[in-house]
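These are the residues of each chain, in order.
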Amino acid sequence: MTFAAKRYGIIAGNGLLPLTLAQRLSETGFQPHVIGVEGEADPALGQYHYQSLALEKIAYSVPYLKSKGVTHVVFAGGVRRRPKVSSLRVPLLLWPDLPAVASALKRGDDGLLVALIKLFERHGLIMLGAHSILPDHVTPFGVVTGVKPAAKHHATLSRGVEAAKLIGKLDIGQAVVALGKRVIAVEGIEGTDQMLSRVAQLREQGRLDVKAAPILIKIAKPGQELRADMPVIGVTTIAGCKAAGIALICVSAGTTLIMDVARTLEAAQLAGISVFGINPDDWLKDP
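The model shown is predicted, which means the values in this text are computed figures rather than measured ones.

Some words on the side chain of Ser252
Next, step 1: One can find Ser252 in strand S11 (residues 248-252).
Next, step 2: Not counting chain neighbours up to four residues away, the residues in contact with Ser252 comprise Lys218, Ile219, Ala220, Ile278 and Pro280.

Here's what the structure looks like:
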């Protein structure tokens, strides 16, 4: 990607992605302007041009970034709560946009993020996905580490992909855990790590067949706006899978990011966990 003649801003939530983006941009010789969501963003982002904003005041980032000459903006990282409609604050410039933002708060996460992208674009900012800046973090098709799924995995993967597509269409989540021909866990608003923790607890309680290994399937939602909420796996995903007895992770190739790639793949290898990039539609067909 060419960074010349562009200025970048990052709207930063929690997790490693915002810092990884800022580091990559900095390596090109440009210090990005970072808007950190209060209570979410990593303090290490303070080494860049940094401004902290309460979640309910995030609309103020539009005039702030424009005043700094920013041309391109990336949303990155998670936010553990939704903004309160009664506490929303917007600058005078954005008052006409307030009804649309308030309405978007009643939708799922994807609907809200899409509305925010449109808001930034209406005011002349070009919105990018993290994958356009970190192409080397995008999961390729096929074996990333370990081995590819075997024929015995087809029924489990088929059921898992079917369920993942369904919850994605309903804007519930991106990931499921399947065992045999059953889906034993579905990601909700709590996120992938907490879902894996639930599976680990079920395993400890003897609710699962310890001789069979569950599979984690994490794929982009149908029609998902990848500039807003691309699926991500990382070191904590591997740790969660290890605790849950999961030996195979299948993610949508080309639409899933791997954070801290070297450490994540090393952790997977040490844990005996395979990571595989799939075309989800292939697993809805007969073998």
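Some details on the packing of helix H7 (residues 192-204) against helix H8 (residues 235-244)
Next, step 1: Interaxial distance between H7 and H8 falls to 8 Å at its minimum, and their mutual angle equals 15°. As judged from the angle between their axes, H7 and H8 are roughly parallel. Where H7 crosses over H8, the handedness of that crossing is left-handed. Each of Asp193, Leu196, Val199, Ala200 and Arg203 in H7 lies in contact with H8, whose residues at this interface are Thr236, Thr237, Gly240, Cys241, Ala243 and Ala244.
Next, step 2: Residue classes in the contact of H7 with H8 are distributed as six nonpolar, three polar and two charged.

A word on the nonpolar core
Next, step 1: Ranked by internal contacts, the top residues of the largest apolar core, which has 23 residues, are Ile11, Leu65, Val73, Phe75 and Phe120.
Next, step 2: Of all the secondary-structure elements, those providing two or more residues to this core are strand S2 (33-37), helix H2 (61-67), strand S4 (72-76) and helix H4 (109-122).
Next, step 3: Counting residues per element, this core draws most heavily on H4, at six residues.
Next, step 4: Setting aside anything within four residues of it in sequence, one finds Val73 in contact with Gly9, Ile11, Leu65, Phe120, Leu125, Ile126, Met127 and Leu128.

Thoughts on the sheet that holds strand S5 (residues 126-128)
The pairing of strands in a sheet happens through backbone hydrogen bonds and is either parallel or antiparallel.
Next, step 1: Read across the sheet, five strands follow the order S3-S2-S1-S4-S5 without closing on themselves; strand pairing throughout is parallel. Of all strands in the sheet, those with a lone pairing partner are strand S3 (49-53) and S5, marking the two edges. For this sheet, the mean inter-axis angle between neighbouring strands, taken without regard to orientation, is 25°.
Next, step 2: Both strand S1 (residues 8-12) and S2 contribute to a ladder of four bridges, which runs parallel. Residue Ile11 lies in a different strand from S2, and its bridge partner there is Ile35.
Next, step 3: Across the sheet, helix H1 (residues 17-27) touches S1 and S4, and the angle it forms with S1 is around 165°.

What to know about the environment of Tyr48
Next, step 1: Counting through the fold element by element, Tyr48 comes out in the loop between S2 and S3.
Next, step 2: For Tyr48 and Leu19, which are 29 residues apart along the polypeptide, the C-alpha to C-alpha distance reads 9.8 Å.
Next, step 3: Discounting chain neighbours no more than four positions away, the residues touching Tyr48 are Leu19, Ala22, Gln23, Ser26, Gln31, Pro32 and Val34.

Let's talk about the pattern of salt bridges
Next, step 1: Scanning all chains against the criterion turns up nine salt bridges.
Next, step 2: Residues Glu162 and Arg159 are paired through a salt bridge, measuring 3.7 Å at the closest nitrogen-oxygen approach. Of this pair, Glu162 and Arg159 are both found in helix H6 (residues 154-169), three residues apart, which corresponds to roughly one turn of the helix.
Next, step 3: Arg159 gets classed as partly exposed once you look at its relative accessible area, which sits at 38%.
Next, step 4: Between Asp171 and Lys221 there is a salt bridge, with its nearest N and O atoms 2.5 Å apart. In this pair, Asp171 sits in the loop between H6 and strand S7 (175-179) while Lys221 sits in the loop between strand S9 (215-218) and strand S10 (232-233), placing the two residues 50 residues apart along the sequence.
Next, step 5: According to the relative accessible area criterion, Lys221 is buried, its value standing at 8%.
Next, step 6: Residues joined by salt bridges that share partners form a network here, namely Arg24, Glu27 and Asp136.

Cut-offs applied
Residues numbered from 1 in each chain as written. Predicted model: local features only at pLDDT ≥ 70, side-chain atom pairs only at ≥ 80, totals over all residues. Heavy atoms only, no water. Helix = DSSP H or I, 4+ residues; strand = E, 2+ residues; numbered from the N terminus. Contact = heavy atoms within 4.5 Å. Axes fitted to C-alpha atoms, helices over the stretch in contact; angles between N-to-C directions. Parallel < 35°, antiparallel > 145°, perpendicular 65-115°, else oblique. Left-handed = near helix turned anticlockwise from the far one by under 90°. Nonpolar A, V, L, I, M, F, W, Y, C, P; charged D, E, K, R; others polar. Core = buried A, V, L, I, M, F, W, Y, C linked by side-chain atoms within 4.5 Å. Buried < 20%, exposed > 50% of the residue type's maximum accessible area, 1.4 Å probe, protein only. Pairing = 2+ DSSP bridges. Salt bridge = Lys/Arg side-chain N within 4 Å of Asp/Glu carboxyl O.

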